[in-house]
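Secondary and tertiary structure notes
Next come the chains, spelled out residue by residue.
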Amino acid sequence: MGLAAEPDSSNDDKTPLLLSHPLKRTGTVWTAVAHIVTGVIGSGVLSLAWSVGQLGWIAGPFSILIIASFTLISSFLLSNTYRSPHPQFGPHRSASYLDAVHSHLGLKNGRLCGLLVNISLYGFGIAYVITSVISIRTILVSICYHTNEEEVACEFVDAYYMLIFGAIQVVLSQIPNFHNIEWLSVVASIMSFAYSFIGMGLSILQIKEKGYVEGSIEGMRSRSRTEKLWLVAQALGDISYSYPFSTILLEIQDTLKSPPPENQTMKKASVISVAITTFFYLGCGGAGYAAFGNDTPGNLLTGFGSSKYYWLVNFANVCIVVHLVGAYQVYSQPLFAIVENWFRFQYPDSEFVNHSYFLKLLFLPDFELNFLRLSFRTAYVASTTVIALMFPYFNQILGVLGSLIFWPLTIYFPVEMYLGLSNTEAWSAKWIMLRSLSILGFVFGLFTLIGSIQGIVTQKLS
């Protein structure tokens, strides 16, 4: 094993200024779909049966369709901001969500957006640690339950498995950038399809065995109207968490080859991805609620732990863990790039920050080592793991994350950037429609945020 210094390469006109080497953009509509599905169909799909259960048979599916529509509109608006001043032929690229807001809406909005983007990306990492451990614990409890003839207490400490997940992420986080994880997204997407089909199939099988459909129009019962109101807010927050991919859309678009124009490819990928996720969300959410009714669990697969198909449930949970290993990187790589590019800009002559080395490993490809990357990303993974240990509340954490990002990142900033770039006339039909969408999104996000925070406080105090 040896070390070899990597010389810095000059940037070409298609490469963001702060990257240390030119990027080869080879992505297609299907690699973009793989990235989106990896990031979107994750821990959120497991909470949708509970969400539909809280909202009932009419409001539940309707809410999923409405939020899917908001997400698709947002992705169309945002994909037109990648190039400017023209959405297809403009010479300036915005390689990240933060770049786009800073370029089109100014420094003040850029700083606010940067704070929200970083919080959301960081929060996704925490949520994925929590969800992976729930799946690991479910597997271990199932194996314990079915391998012991006598009744034994099958209890496991979550902290140990959170640390294992964190250790895996420390290794994977050394992948240099978003352009190097296409293979990870493809594997993770396959896993997401697998456990979504299994969850849906087991729910349908349980309905068939019962011979009737559980659930009601008004949803799951609660002790009071006030409690029901907060649970509805949390359910809507969970759904809003499950859809948006605005924070990673431009990073994905920056991997696409051209021609055809990147915004056209991204719009096609968004339509396909939202259609796929909506099918799975309606299937898993509806079938899960129909199978369990008032007993619908917060995490769908935990309801099948004692099923005779426990081996299939265990396989689904393995798929979840593998998927979340990839999804953690999909959402962390943009944040890594933001922080590390800032350090490179501030300290251009620092060897610690800018110099990379190749580790020549026997029987393995050369490994690129950078000391800033090693130290920062390790500390990042460690911090998400510690916070997950402190607040392991699945549904409430998802609701808070969804509420925080839904209005500003999914609706407000894309609308403002689109209106600015398209020179839409004030008080025109399009202007009124987009402004109304923004106001509606704000009210929705505030309601779900208050309800989800109330849920975390209640869980912590209890």
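Residues numbered from 1 in each chain as written. Predicted model: local features only at pLDDT ≥ 70, side-chain atom pairs only at ≥ 80, totals over all residues. Heavy atoms only, no water.

What to know about the overall build of the protein
- Within the protein one finds 14 helices and 5 strands.
- Residues classed as buried in the protein amount to 54% of the 462 residues present.
- The contacts in the protein between residues at least 6 apart in sequence include a share of 81% that link residues at least 24 apart.
- When the accessible surface of the protein is summed, it comes to about 20500 Å², and 67% of that surface belongs to carbon and sulfur atoms. (Helix = DSSP H or I, 4+ residues; strand = E, 2+ residues; numbered from the N terminus. Buried < 20%, exposed > 50% of the residue type's maximum accessible area, 1.4 Å probe, protein only. Contact = heavy atoms within 4.5 Å. Areas by Shrake-Rupley, 256 points an atom, 1.4 Å probe, with all protein chains shown as cover.)

So, the packing of aromatic side chains
- Under the definition given, this model contains 20 aromatic pairs.
- With centroids separated by 5.5 Å and ring planes inclined at 75°, the aromatic side chains of Tyr122 and Tyr380 adopt a geometry described as edge-to-face. Pair noted here: Tyr122 is in helix 4 (residues 107–147) and Tyr380 is in helix 12 (residues 371–390), with a separation of 258 residues, a long-range link.
- Note on Tyr380: relative accessible area 5%, which makes it buried.
- With a centroid separation of 5.0 Å and an interplanar angle of 80°, the aromatic rings of Phe197 and Phe280 are classed as edge-to-face. Of this pair, Phe197 sits in helix 6 (residues 182–210) while Phe280 sits in helix 9 (residues 262–292), and the two are 83 residues apart along the sequence.
- Judged by relative accessible area, Phe197 falls into the partly exposed class, the value being 45%.
- These aromatic residues form a ring-pair network of at least three members: Tyr122, Phe165, Tyr328, Phe336, Phe376 and Tyr380.
- The positively charged end of Lys267 is found above the aromatic ring belonging to Phe76, 5.8 Å away from the centroid. (Phe/Tyr/Trp six-rings, centres within 6.5 Å; stacked < 30°, edge-to-face > 60°. Lys NZ or Arg CZ within 6 Å of the ring centre and 35° of its normal.)

Observations regarding the confidence of the model for the protein
- Of all residues in the protein, 87% have pLDDT values of 70 or greater, and the mean over the chain is 81.
- Across the protein, the secondary-structure element scoring lowest on mean pLDDT is strand 1 (residues 3–6), at 39, and the one scoring highest is helix 9, at 90.
- For residues 1–21, every residue scores under 50 in pLDDT, and the model assigns this stretch 41 contacts once sequence neighbours within four places are set aside. (pLDDT = per-residue confidence, 0-100.)

Section: empty space enclosed by the protein
- The final tally for this structure, using the stated rule, is 3 cavities of 30 Å³ or more.
- Considering only enclosed or pocket space, the second largest cavity measures out at about 40 Å³ in volume.
- Around the second largest cavity sit Val45, Leu46, Tyr195, Ser196, Gly199, Cys284, Leu300 and Leu301, which together line it.
- Mapped onto the lining of the second largest cavity, the elements with two or more residues apiece are helix 2 (43–79) and helix 6.
- Broken down by element, the residue count for the lining of the second largest cavity peaks at 3 residues, all from helix 6. (1 Å grid on protein atoms, 1.4 Å probe; cavity = no way out; pocket = protein on both sides within 12 Å on 5 of 7 lines; lining within 4 Å. Points joined across faces, edges and corners; volume = space filled by probe spheres on them.)

Focus on helix 10 (residues 310–346)
- Here helix 10 contains 37 residues, and its C-alpha end-to-end distance of 54 Å stays within 8% of the 54 Å for a straight helix at 1.5 Å per residue.
- Along its length, helix 10 reaches its greatest deviation from straightness, about 35°, at Ser332, and the proline Pro334 lies no more than four positions downstream. (Expected span 1.5 Å × (residues − 1). Bend = angle between axes of the 7 residues up to and from the residue.)

A closer look at unusual backbone geometry
- Here Asn423, not a glycine, exhibits a phi torsion of approximately 55°, which is positive.
- Positive phi is not limited to glycine here, since Trp427 has a value of about 70°.
- The topology assignment puts Trp427 in the loop between helix 13 (394–422) and helix 14 (429–461).
- We classify Trp427 as exposed; its relative accessible area is 67%.

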